[in-house]
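Chain by chain, the residues run as shown.
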Amino acid sequence: MEVSLLPTLNSQLVRLDRTYGSDALAVDFVHALMDTLKNFVGDRSISNFRMELLHLYDLFLASRPRMSNLSLDLQKLVRYIDEHPDTTPKDLHTYLVEILALKRARRKSSVKHAMELITHETKLLVHSHSSTLLALLAYCAKKDKRPHICVAGQDQIKTDKIVRHLNEHGFTYQVVSEYAISHVIEEIDLAFFGGLTLNAREQVVLGPGSASLISQLRSYQIACYVLLTCNKFSFWDERSELAFREARKKNLDDFTYEKHVFSHDVLPLKALTGVITERGVQTPDQAVQLFAELQTWYLDNEKKIRGEGE
């Protein structure tokens, strides 16, 4: 597999994830696949599309951070071609529309399950920007169930997006730097974090700054949940770093030094109170069991697209 593109891909995925969130990135990715199917010039045979999609799938498997929701959509698309040998590009477009509808349904279900944890009196801390979090806040406003919100300020772009959303929907909120949460920690009942993935090592990959904040909150027995739909589960064996690492050169006085920046934090699943999925609010043990069930399904599909299971 050609891997020279990987450093650029890694950097772009990190930037897009930080700016828009992994769910929004996954939706844009599906739309990009639709545009490609429509505008691709060359061999438009289904066999060629399958080959190119499989190459793309392998490239995304090698990326760091690995965007599981993108990889799983590609696997499903290749599998769809194998199950429908007479399919056309138009049929693939229709199937991609169905994938988008499934994403919306998955998020809606997760939001309803998250609502089970919230009351009017809840003092909720939110940290990581995610489309599921924004959908949850909008749903709270729709149901006139607005908890008091404490925003743990971090990356300014992400914080601004959350604050604009809160302001738009009439929430009472305060913004506190994530490193100063100790000053208001006794005012917090519950905390929600956006997550990138849950992997086979029973680790959750989250936005930078999440791990230390969760450790601090849990020391005060504050429940911490990660919003993580099942299409973000990463079923692969991990043999390299889970986050993208970048060494940035900095100038100081008459010398330079390197600052090492990591795209995400990695935290043991058991450090969290639970995981909020479209299938319900899962304890860490329940999430492990659910992961194992879905991993069996994934590995079966993997064998089939590689020609090993049929």
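For the rest of this paragraph, the subject is empty space enclosed by the protein. According to the stated counting rule, one finds three cavities of 30 Å³ or more in the structure shown. Roughly 160 Å³ of internal volume is contained in the largest cavity. Taken together, 18 residues line the largest cavity, and the ones lying closest to its centre are Asp-17, His-129, Gly-194, Gly-195 and Leu-196. Mapped onto the lining of the largest cavity, the elements with two or more residues apiece are helix H2 (22-39), strand S4 (190-199) and strand S5 (203-206). Counting residues per element, the lining of the largest cavity draws most heavily on S4, which supplies three residues. Per-class residue counts for the lining of the largest cavity are four nonpolar, ten polar and four charged.

A few words now on the layout of surface pockets. Where empty space is left becomes clear once a probe the size of a water molecule has been rolled over the atoms. The calculated volume of the largest pocket comes to roughly 410 Å³. Taken together, 18 residues form the lining of the largest pocket, with Leu-33, Thr-36, Glu-52, Leu-53 and Leu-56 sitting closest to its centre. Among the residues forming the lining of the largest pocket, the class breakdown is 13 nonpolar, three polar and two charged.

Quick look at the pairing of S4 now. With ten of ten residues buried, S4 is to be regarded as a mostly interior element. Taken together, the three bridges between strand S1 (residues 123-126) and S4 define a ladder with parallel strand orientation. Along S4, the bridge assignment pairs Leu-124 with Leu-190. Both S4 and strand S6 (residues 223-227) contribute to a ladder of five bridges, which runs parallel. When the bridges of S6 are listed, Ala-191 appears paired with Cys-224. Between S4 and the antiparallel strand that follows it, S5, lie three residues; Glu-202 among them carries a positive phi value of about 60 degrees.

Any two side chains of opposite charge can pair, on the condition that their charged atoms come close. Taken as a whole and assessed by the stated rule, the structure comprises ten salt bridges. Here Glu-278 and Arg-106 are joined by a salt bridge, their closest N and O atoms 3.5 Å apart. Note that Glu-278 is positioned in the loop between strand S11 (274-277) and strand S12 (280-282) and Arg-106 in helix H5 (residues 89-115), a separation of 172 residues in sequence. The shortest N-O distance in the salt bridge between Arg-146 and Asp-144 comes to 2.7 Å. What emerges from the salt-bridge pattern is a single network uniting Asp-58, Glu-302 and Arg-306.

With 16 residues, helix H4 (residues 68-83) should reach 22 Å at 1.5 Å per residue; the first-to-last C-alpha distance of 22 Å fits that figure. Of all 16 residues in H4, 14 are buried, a share of seventy percent or more.

We now examine the state of the cysteines. A complete count under the given rule lists zero disulfides for this structure. For Cys-224, which is in no disulfide, the shortest distance to another cysteine sulfur is to Cys-150 and amounts to 12 Å.

What follows covers a positive patch on the surface. Positive charge collects at one region of the surface, where Lys-108, Lys-112, Lys-142 and Lys-143 lie side by side. Of note, Lys-108 is situated in helix H5.

What follows concerns the packing of aromatic side chains. Considering all chains together, one arrives at nine aromatic pairs under this definition. Here Phe-29 and Phe-60 contribute two aromatic rings whose centre-to-centre distance is 5.2 Å and whose plane-to-plane angle is 70 degrees, an arrangement assigned as edge-to-face. A residue pair is termed long-range when its members are at least 10 positions apart, and Phe-29 in helix H2 and Phe-60 in helix H3 (residues 46-62) qualify at 31 residues. Of the residues examined, Phe-29 reaches a relative accessible area of 12% and is grouped as buried. By relative accessible area, Phe-60 is classed as buried at 6%. Through a chain of ring-to-ring contacts, the aromatic side chains of Phe-233, Phe-235, Trp-236, Phe-291 and Tyr-298 assemble into a single cluster.

Quick notes on the rules
Residues numbered from 1 in each chain as written. Predicted model: local features only at pLDDT ≥ 70, side-chain atom pairs only at ≥ 80, totals over all residues. Heavy atoms only, no water. 1 Å grid on protein atoms, 1.4 Å probe; cavity = no way out; pocket = protein on both sides within 12 Å on 5 of 7 lines; lining within 4 Å. Points joined across faces, edges and corners; volume = space filled by probe spheres on them. Helix = DSSP H or I, 4+ residues; strand = E, 2+ residues; numbered from the N terminus. Nonpolar A, V, L, I, M, F, W, Y, C, P; charged D, E, K, R; others polar. Buried < 20%, exposed > 50% of the residue type's maximum accessible area, 1.4 Å probe, protein only. Pairing = 2+ DSSP bridges. Salt bridge = Lys/Arg side-chain N within 4 Å of Asp/Glu carboxyl O. Expected span 1.5 Å × (residues − 1). Disulfide = S-S within 2.5 Å. Patch = residues over 30% accessible without salt bridge, like charges linked within 9 Å, V, L, I, M, F, W, Y side chains within 5 Å. Areas by Shrake-Rupley, 256 points an atom, 1.4 Å probe, with all protein chains shown as cover. Lys, Arg positive; Asp, Glu negative; His and termini not counted. Charge placed at Lys NZ, Arg CZ, Asp CG, Glu CD. Phe/Tyr/Trp six-rings, centres within 6.5 Å; stacked < 30°, edge-to-face > 60°.

So, to be careful, I would describe these as geometric facts and stop short of saying anything about function.
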